[in-house]
Amino acid sequence: MTQPTLGHIDSHDLSVFTDRYELSMMQGYIESDHTPTATFSMYFRRLPPDRGYAIAAGLEQVIEYVETLEFGDQTIDFLAEEGFRDDFLSFLESFEFTGAIRALPEGSLVFPNEPMLEVTAPIHEAQLFETLILNQIGYQTLVATKGARMVDVIRRQGDGQDLVDFGSRRAHGTDAGLKAARAAYIGGFDGTSNVLAGNRFGVPTYGTMAHSWVQSFDSERESFEAFADCYGDDAIYLVDTYDTIGGAERAVSVTEERDVSLGGVRLDSGDLIDLSNEVNEIVGDAGIVVSSGVDEYFLVEFFEEGGVASAFGPGTAVTTSKDAPDSGVVYKLTAVERDGVLSPSMKLSPGKVTYPGRKEIHRVERDGSYQYDVLARHDESLEGAGEPCLETIFEDGSIVYTPPDLESIQERARRELEALPERYRRIRNPDTYEVRISNELETTTVETERSTRDREM
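Residues numbered from 1 in each chain as written. Predicted model: local features only at pLDDT ≥ 70, side-chain atom pairs only at ≥ 80, totals over all residues. Heavy atoms only, no water.

Caption draft 1: Just the sheet that holds strand 17 (residues 398-399), in detail. Strand order in the open sheet formed by seven strands is 13-12-1-5-3-16-17, and the pairing between neighbours is antiparallel. Lying at the two open borders of the sheet, with one neighbouring strand each, are strand 13 (341-344) and strand 17. Direction of pairing for strand 1 (residues 37-44) relative to strand 5 (residues 117-122): antiparallel, over a ladder of six bridges. Bridge assignment links Thr39 to a residue of strand 5, and that residue is Thr120. Its contacts with the sheet put helix 2 (residues 59-68) on strand 3 (100-103), strand 5, strand 16 (391-395) and strand 17, and the angle it makes with strand 16 is roughly 15°. (Pairing = 2+ DSSP bridges. Helix = DSSP H or I, 4+ residues; strand = E, 2+ residues; numbered from the N terminus. Contact = heavy atoms within 4.5 Å. Axes fitted to C-alpha atoms, helices over the stretch in contact; angles between N-to-C directions.)

Right under this line is the structure:
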C-alpha cells in the first residue's frame, strides 16, 4: 500500500471526500470504456428506532459540492502518490458533472424506500458522489428529525417554549456541529449557540453564561453583579453553580439593586422538574432556561410532571441524534444503460432488495391530512395520487433549481409535520405510515428480478 505524503490537500477541498473504492471504480470504468448512463437512488431501508418519519435535510450542501467540484493541482499530486494512473488523473483535471439530479426539497417528510435523491449520469460521475451525499444528507436528516420531534412535543404539550441548540461542543467534529445547528433549525429550533452557524447560515444565536464565569469571581453575587453591569436587561443568570435556590434569589436581588430587569435564569443540573417550580416562585415572570439532558423523552416527562420553563437548550441529544445516531441511508444503483436504453436494475441480496428504476413519490392528502404515499415509476401518471414530490435540481450538468432560504425550509417542515396524523408522530412506538407501491412499479420489480436471475444463471 502506498504511503501518502501528508499535507498536500487543502482541508476545504471536498473533491476527494470519498471512499477509495469510488475512485478505483471510476478509474476502472474509464479504462474499460464502460461508462453507461446509470441512476443511483438514496433512501432509507428502514427508519431509526421510534421514528415514524424523517425530515429531509442537507440538499443545499450537496448542491454546493456538485457546483464547485474540481480536482486541483494539489489533489492530483496526492492521487498520483496514491497510485492512480496518469490518464485517469488527466481525466479528473477536466472533470465536469454532465448528468441530472432529482431530490426531495429540504424540510420534506420522507419514509422508507422513498428516494430522497436520485442521480442519473454516466456511471463514473454518479459513483463519485456516493460518500458525500450519504454523509451530508444522512447526518443532517437525523438531526432535523430529532429536532422536529422535540418541537412537536412542545407544540402538543408545551406552551410555545423556545428550543436552542447547545450541542456544538459534543458534536463529532466542527463540521458536524455546524451542520447540526442548521439541521436542528430546519426541524423547528429557534436558534443555536454556535456563532459560525449564525454567520454561515443565518441561524439566530443565543447564549447565557458558564459555571466558570461564576467560579472565577470571589462570590456568586459578585459574578452576577458584573454580568448585570455588562448586559443589563438581557442578562440570563446560571444559578446552579453552588445552590440553585440561593442562586435564583441572588439573581433577583442583584437585578433589583442594579435597577435592571431579570432577563432569565438557567438551570443545568439537579431535579429539573422540582427545581423549575421552586425557582419559578422566586423569579416570577422571568424566563427559565433548562439545559441538562434535554431531548424529546425528557420533554414529555417534564410537561407531564408539571415542570416550568420558557426555553430549553438541548445539547448532546440533538447534535449526535443520541438515541438513533445511525441513519442507515443507502445509495444504490437502480437503473443502468443497456443497448442504449436506461433499464431498471436491482440488488437481490436477502434483506437488501431494492425497487428498480427511476422513481417518483406521490403524497395523498385529504382535508389537510396526509393519508398515504405512492411510490411509483418516474414516468407514471397516477390519477388522484397527488403531485410528484421530487424536484429537478440539475439537468445536463447545470443547476435548474433555486434553493429556498432557511426560514422557508423550516416552514415546509412545520407544515408537512402538522399534516402528518399524530399516530405517526408518537415519540415511542409510532404507527407505520403507509407507502403503497404502484402497479407499474410492482410489475417492473417482478420483471427486473426475473430478468436479473435469468442473466445470472
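Caption draft 2: Expanded view of the sheet that holds strand 6 (residues 162-165). Read from one edge to the other, the open sheet built from six strands follows the order 7-6-11-10-9-8, with strand pairing classed as parallel. Because the sheet does not close on itself, it has two edges, and the strands there are strand 7 (191-192) and strand 8 (236-238). Here two bridges tie strand 6 to strand 11 (residues 311-312), and the two strands are oriented parallel to one another. Note on strand 11: the bridge partner recorded for Leu163 is Phe312. Sheet strands touched by helix 12 (residues 272-283): strand 9 (264-267) and strand 10 (287-290). Its angle to strand 9, the strand with the most contacts, is close to 160°.

Caption draft 3: Here's a closer look at unusual backbone geometry. Notably, Asp33 is not glycine yet its phi reads approximately 50°, a positive angle. Note on placement: Asp33 falls in the loop between helix 1 (20-31) and strand 1. With relative accessibility at 67%, the residue Asp33 sits in the exposed group. One non-glycine residue, Asp339, adopts positive backbone phi at about 55°. As for its position among the elements, Asp339 is in the loop between strand 12 (329-338) and strand 13. (Buried < 20%, exposed > 50% of the residue type's maximum accessible area, 1.4 Å probe, protein only.)

Caption draft 4: Region of the structure containing the nonpolar core. Ranked by internal contacts, the top residues of the largest apolar core, which has 69 residues, are Tyr237, Val283, Val290, Leu299 and Phe312. Apart from residues no more than four positions distant in its own chain, Phe312 is found in contact with Ile154, Gln161, Asp162, Leu163, Val164, Val290, Val294, Phe298, Leu299, Phe302 and Phe303. Ala38, Tyr65, Leu69 and Ile393 belong to the second-largest nonpolar core, a separate cluster that totals 53 residues. (Core = buried A, V, L, I, M, F, W, Y, C linked by side-chain atoms within 4.5 Å.)

Caption draft 5: View of the packing of helix 6 (residues 130-157) against helix 15 (residues 406-419). Direction vectors running N to C along helix 6 and helix 15 enclose 60°, while the axes themselves pass 12 Å from each other. For the element pair helix 6 and helix 15, the recorded crossing hand is right-handed. Facing helix 6, whose interface residues are Ala148, Asp152 and Arg155, helix 15 presents Arg414, Leu417 and Glu418. A class-by-class count of the residues in the contact of helix 6 with helix 15 yields two nonpolar, no polar and four charged. (Left-handed = near helix turned anticlockwise from the far one by under 90°. Nonpolar A, V, L, I, M, F, W, Y, C, P; charged D, E, K, R; others polar.)

Caption draft 6: Fine view of the pairing of strand 10. Residues Gly287 and Val289 point to one face of strand 10 and Ile288 and Val290 to the other, with burial holding for every one of them. Judged from the four bridges that link them, strand 9 and strand 10 form a sheet pairing that is parallel. Paired with Arg266 across the strands is Val289, a residue of strand 10. Alignment of strand 10 against strand 11, held across two bridges, turns out to be parallel. Residue Val290 lies in a different strand from strand 11, and its bridge partner there is Phe312. The β-α-β motif built from strand 10, the intervening helix 13 (residues 296-304) and the parallel element strand 11 has right-handed crossover chirality. (Right-handed = clockwise from strand over helix to strand, strands pointing away.)

What is shown is where atoms sit, not what they do.
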